[in-house]
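Single-letter residue listing:
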Amino acid sequence: MVGATAAPKDRVLLIACGALAREILALKAANGWAHLDLTCLPANLHLWPERIADAVEAAVRKHRPDYAQIFVVYADCGTGGLLQARCAALGVEMVAGPHCYAFFEGNETFAAHAETEFTSFYLTDFLVRQFDAFVWRPMGLDRHPELRDMYFGHYEQLVYLAQTEDPALDALAEAAAARLGLAYARRSTGYGDLAPALAAL
């Protein structure tokens, strides 16, 4: 857990997806949010979204005695509303939105693209860095590249929603699009709705 100096009862705990750790720590440092502590759940829970709500609940119950407030830094993330319902039952708030692609771009902006981008596959900075671990290998494409067309035959483009300006990540994202046989597009989003959600704490 990443902490600071004040007594925990005066502090806010962020229970976050591990895929967001780098961005949360960058926002903490840039804004001087020393009252926020961070604990992360494994990013690979996204491979089994049905496990996310239970994992979040366990973390909330573990840490609740030590903190004045707990905030869950997950969107729905494929749980079909289960995570929102669980957080409501536990009396904790969470980031609004269907997934991190939406809140990084801004939920309203992302929704506005939905009509024209329903054949798009999205990557964030984290997923660009971890493309093999979270996309290529879990889908079996390292062992069975012929599956690519089955998985991605109905997609037309890969859209990289970039949180940072990093030419190395741009190159990796474009290479990922080529590996998937998709056109490539890039949009610079920064931290989107994540920044004001944390600032409100």
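No experiment lies behind these values; they were computed from the predicted model shown. (Residues numbered from 1 in each chain as written. Predicted model: local features only at pLDDT ≥ 70, side-chain atom pairs only at ≥ 80, totals over all residues. Heavy atoms only, no water.)

Peer 1: Hey, could you run me through the overall build of the protein in this one?
Peer 2: Counting its secondary structure elements, the protein contains 10 helices and seven strands. In terms of C-alpha radius of gyration, the protein reaches 18 Å, essentially the compact-globule figure of 17 Å for 201 residues. For the protein, the C-alpha atoms occupy an extent of roughly 55 × 30 × 30 Å along the three principal directions. Burial statistics for the protein: of 201 residues in total, 44% are counted as buried. Restricting the contact set of the protein to residue pairs at least 6 apart, pairs at least 24 apart contribute 68%. As presented, the protein carries roughly 9800 Å² of accessible surface, and 55% of it is formed by carbon and sulfur atoms. Counting 16 positive and 24 negative side-chain charges, the protein places the centres of these two groups 8 Å from one another. (Helix = DSSP H or I, 4+ residues; strand = E, 2+ residues; numbered from the N terminus. Rg over C-alpha atoms; globule rule 2.2 N^0.38 Å. Buried < 20%, exposed > 50% of the residue type's maximum accessible area, 1.4 Å probe, protein only. Contact = heavy atoms within 4.5 Å. Areas by Shrake-Rupley, 256 points an atom, 1.4 Å probe, with all protein chains shown as cover. Lys, Arg positive; Asp, Glu negative; His and termini not counted. Charge placed at Lys NZ, Arg CZ, Asp CG, Glu CD.)

Peer 1: Help me out: how do you make sense of the sheet that holds strand β5 (residues 120-123) in this one?
Peer 2: Whenever strands of a sheet pair, they do so through backbone hydrogen bonds, lying parallel or antiparallel. Strand order in the open sheet formed by three strands is β5-β6-β7, and the pairing between neighbours is parallel. Only two strands of the sheet have a single partner each, and these edge strands are β5 and β7 (183-188). Adjacent strand axes in the sheet meet at a mean angle of 25° when their direction is disregarded. Pairing between β5 and strand β6 (residues 157-162): four bridges, direction parallel. (Pairing = 2+ DSSP bridges. Axes fitted to C-alpha atoms, helices over the stretch in contact; angles between N-to-C directions.)

Peer 1: Looking at this structure, how should I read the nonpolar core?
Peer 2: Grouped burial of nonpolar side chains is what soluble globular proteins tend to show. Grouped together as the largest cluster of nonpolar side chains are 60 residues, with contacts concentrated most on Leu14, Val73, Tyr74 and Leu198. If one sorts the elements of this core by residue count, strand β1 (residues 12-17) sits on top with six residues. By size, the runner-up hydrophobic cluster in this structure holds five residues, among which are Ala102, Phe110, Tyr122 and Leu161. (Core = buried A, V, L, I, M, F, W, Y, C linked by side-chain atoms within 4.5 Å.)

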